[in-house]
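# An overview of the molecular structure
Chain by chain, the residues:
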Amino acid sequence: MKPASRPTRWRPAAAALCVGLLACLGVAPAPAGQVADPINDRAAQALAAEPAQPERVHPKFRAFEVLRRTAVSGCAAAADAVSLAKPTARHPDDPAESAGTELLALPALVRLLLQFPQCIDEPMAQAMQRALAAPQDRLAHGTLNHAIMRVASWYLIAQRFPQATWPDARGERRSSQELMAAIQQLLQRRTAQFFAAGHTEWLSPTYAVVNLLPLLNLIDFADDAQVRANAQAQAALLVAVLRAASFHGTLLPPLNRLNHDQRNAPGDGTDTPAATQALLWLYFGEPASGSADLANRNEPAFVTIAALSRWRPPAALFDPAGRGGHAVRMRTPAFSRWDDATTTELLGDGYIDEAYALGTGNVVFRPNTYADHLQSFALLLKSSSRHNAIECRHPFFRSDAGDGVWGTDRWSPFQQTHRIDGRTGVMLFRIPRADPWPGDPASRFFAPRSRHAGALVAGFQCRVPRSFARVQIEPHWIFVRQGEVDVAIGLPVGRFEIDASADPPWHHVARVQARSAALVFLVRKTARGDSFRAFQAWARQRMPKFDPATTRVVHTTLEGRRVAVQFDLQSLPDGRVASIPRVEVDGKSAPPPPQAPLLSDPVTLADGVLRLVRADGRSVYIQPPSATAHP
């Protein structure tokens, strides 16, 4: 079978191999005297980075390495493509799913096929088609990134092999045209849902980037204009959300599907970088990435596809409004399939200034289901060091690992937060003696906390980076100075105890033993000559009143408003639990959070329309052609 003709939107830069990394991107070097595109420069750095670890044999790692090496070194590296197309065992997170081509390998395999057709000769193409035609579920969903990786990839595979027939695991067969038509409907439904409600993984430090890669493949290679337009709209929305919630490349909580710590500066290769931050670096230059980060292969080199794509974020995102400080209010929906009805899972309310960012959030969840890879609070300070986040949390979901282990459970149902304004936040803890939702010890959702079911950890911890300029821990206060920002963390009832054994290389850790407690976070920008001691005296006068019996804190703002925040854990009729505090301002209930998925000065998503606002006040509106969700 002859390879399908290439769309005019993409032309390989060289017939057999790339001569220079910019040629791999299909970009000519900048003429003398002109400034090169920094995204192309960063893409070249990403493509040039050889893995620091021994090569991983799993297809999800090999596929991205084969793609990267083909782009850099030429067609000899593509010889492994046929083996990557062969079915593998079923995915461990989808036990009902039949065996098939590795999901995380599919986007890289598709780009290899379509961006470098000169490297796939006729015998290879036929062998790949035979391998890909093995019976498997091509329309299954899985998680959100599983779904888009699967259907976007099979759409383009069917386009590449128009005469093929594709059997599923039940024996049903579809022609390429039938498969593409079925997938196009699913893609339209996904687009409509994304613009109507956002989606669960749009702020995942791990999986947001994985959701983008299949969209870039559709943008670069799909023949159908509407498929491309929908993919372009989704890509713009996803990157706009990341940009709106980014503080110099660190995503502001609340976050879910958080597998690894975010970093604020180049790492040393000993940890696993959060994959989505590589995307923010590629497009916007923050956070800074070093050679150790680009060479790290603890996760696949996902950024390879973005580095090879010619798609770029909307111009408005490079000069956004809100540089002087702005609020970011978000509703992140719970997991759903295609355009099924969904509910809110995360309620986020943050504030981003050039020098600091305050991220608060609360959660609606289902007990004993997936809820632990989540972070609901952080105070981020501008810094040139690797760690820049002040974090506090109650160990619950993975407490059996030890209450000093800062893993993926940066949130507990027994902690709640509220942002009072751009410089003040409060955090409440009300911890019962026993787990209200004991489950099956064999369940992967309950097992990591099962040994604490009868005696929950009776306290919480805060950690502060040691790299900050000044850190002072007292029984009732933690004071921090970093750059042009002073921070005070007040504890009205209880005592901070320094834990010298916890996380010694990177953080100061302070513990509080209490079942009912409150914290207040006070942030103040400093001016030249401002005294740290004077700031501490100012903060001590602002300690709020706290009632441990009701877990209610009352704070008076600088403007004289009296804000009362009370812990409230409610069981909902549908089996979910809402961990959201009650808030009163001057004795009246605060208004409910807005219904729009995202509201901020630079980026708004409301009523199915994405609005991007430039620094000069001009707005850009983006709406996909398939903007009506199915009933």
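Refer to the structure above for everything that follows.
For the structure given in this document, a descriptive report is provided here. (Residues numbered from 1 in each chain as written. Predicted model: local features only at pLDDT ≥ 70, side-chain atom pairs only at ≥ 80, totals over all residues. Heavy atoms only, no water.)

### Notes on empty space enclosed by the protein
Where we set the bar: Two kinds of site are reported from a 1 Å grid over the protein atoms alone, namely cavities, where a 1.4 Å probe fits but cannot get out, and pockets, open sets with protein on both sides within 12 Å along at least five of seven lines, and residues are called lining when an atom falls within 4 Å of a point. Grid points are joined across faces, edges and corners, and a volume is the space filled by probe spheres set on the points. Runs of H or I in DSSP of at least four residues are treated as helices and runs of E of at least two as strands, each being numbered from the N terminus. Side-chain classes follow a simple rule in which Ala, Val, Leu, Ile, Met, Phe, Trp, Tyr, Cys and Pro form the nonpolar group, Asp, Glu, Lys and Arg form the charged group, and the remainder, Gly included, forms the polar group.
Applying the stated criterion across every chain yields a total of 11 cavities of 30 Å³ or more. Taken as a whole, the largest cavity encloses approximately 270 Å³ of empty space. Along its surface, the largest cavity is lined by 19 residues, and A278, D293, N296, P300 and V303 are the ones closest to its centre. Looking at the lining of the largest cavity, the elements that each hand over two or more residues are α11 (275-284), α12 (291-295) and α13 (303-308). Partitioning the lining of the largest cavity into residue classes produces 10 nonpolar, 4 polar and 5 charged. Roughly 170 Å³ of internal volume is contained in the second largest cavity. Lining the second largest cavity we find 17 residues, and of these D261, Q262, A389, E391 and R410 sit closest to its centre. Counting only elements with at least two residues in the lining of the second largest cavity, the list comes to β4 (250-251), β10 (377-381) and β11 (389-393).

### Structural notes on the packing of aromatic side chains
To be explicit about the condition: Pairing of aromatic side chains requires ring centres within 6.5 Å, counting the rings of Phe and Tyr and the six-membered ring of Trp. Pairs whose planes differ by under 30 degrees are stacked, by over 60 edge-to-face, and all others tilted. Only protein chains enter the accessibility calculation, which uses a 1.4 Å probe; a residue whose area is less than 20% of its type maximum is buried, one above 50% is exposed, and one in between is partly exposed. Charge over a ring is defined by NZ of Lys or CZ of Arg lying within 6 Å of the ring centre and within 35 degrees of the ring normal.
For the structure on display, the rule yields 21 aromatic pairs. For the ring pair F377 and F521, a centre distance of 4.6 Å and an interplane angle of 40° mean the geometry is tilted. A residue pair is termed long-range when its members are at least 10 positions apart, and F377 in strand β10 and F521 in strand β21 (residues 516-525) qualify at 144 residues. The class of F521 is buried, set by a relative accessible area of 0%. Here the aromatic rings of W477 and F479 are separated by 5.4 Å at their centres, their planes lie at 10°, and the arrangement is stacked. As far as the burial class goes, W477 and F479 line up, both buried. Among the aromatic residues, those joined into a cluster by ring pairs are F365, F396, F397, W411, F414 and W437. We note R524 situated over the ring of W538; from NZ or CZ to the ring centre the distance is 4.7 Å.

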